[in-house]
Amino acid sequence: MKIKEGGFVFHYGDDEIVVYQGRRCLGSIVALKESSGRHSFRLGFDARRTPRSYRGRVVAAQALQVIDALKRQADKEGWLTETLILRSWDEKPQRSNNRYESPD
């Protein structure tokens, strides 16, 4: 199944959703359910025990878009690993709050 939304094309597979922007493949996202019961998405390569989750496939695709742009810029300009980490921290997309936070 193929869905177009927010300037991205989502190709649904068995386990994951492959994200394209135009003809460029940005990567994949995986659907999951938060502890609150809400549906969200994680990036396909995020294999941590508690991965960063995104509410909405477009938000997850935007995160892939930022990561792809940083990878291309790092390759083009020959950045050191430390430079890439610093730049990625500056461009960090928002994550969904899937944990309870007390209002302080």
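All figures in this text were calculated on a predicted structure; none of them were measured in a lab.

A. Examining the pairing of strand β1 (residues 2-5) more closely. Strand direction decides the pairing type here: β1 and strand β2 (residues 8-12), joined by four bridges, are antiparallel. Paired with Ile 3 across the strands is Phe 10, a residue of β2.

B. Expanded view of the packing of aromatic side chains. Applying the stated criterion across every chain yields a total of one aromatic pair. Against the face of Phe 10 rests Arg 57, its NZ or CZ located 5.6 Å from the ring centre.

C. Just the pattern of salt bridges, in detail. Applying the stated criterion to the full structure yields five salt bridges. Note that Arg 57 is salt-bridged to Glu 5, the shortest N-O span being 2.7 Å. In this pair, Arg 57 sits in helix α1 (residues 57-77) while Glu 5 sits in strand β1, placing the two residues 52 residues apart along the sequence. The exposure class assigned to Glu 5 is partly exposed, which follows from its relative accessible area of 34%. Among the salt bridges present, the one from Asp 68 reaches Arg 72, with a minimum N-O distance of 3.2 Å. Within this pair, Asp 68 and its partner Arg 72 are both found in helix α1, separated by four residues, close to a single helical turn.

What counts and what doesn't
Residues numbered from 1 in each chain as written. Predicted model: local features only at pLDDT ≥ 70, side-chain atom pairs only at ≥ 80, totals over all residues. Heavy atoms only, no water. Pairing = 2+ DSSP bridges. Helix = DSSP H or I, 4+ residues; strand = E, 2+ residues; numbered from the N terminus. Phe/Tyr/Trp six-rings, centres within 6.5 Å; stacked < 30°, edge-to-face > 60°. Lys NZ or Arg CZ within 6 Å of the ring centre and 35° of its normal. Salt bridge = Lys/Arg side-chain N within 4 Å of Asp/Glu carboxyl O. Buried < 20%, exposed > 50% of the residue type's maximum accessible area, 1.4 Å probe, protein only.

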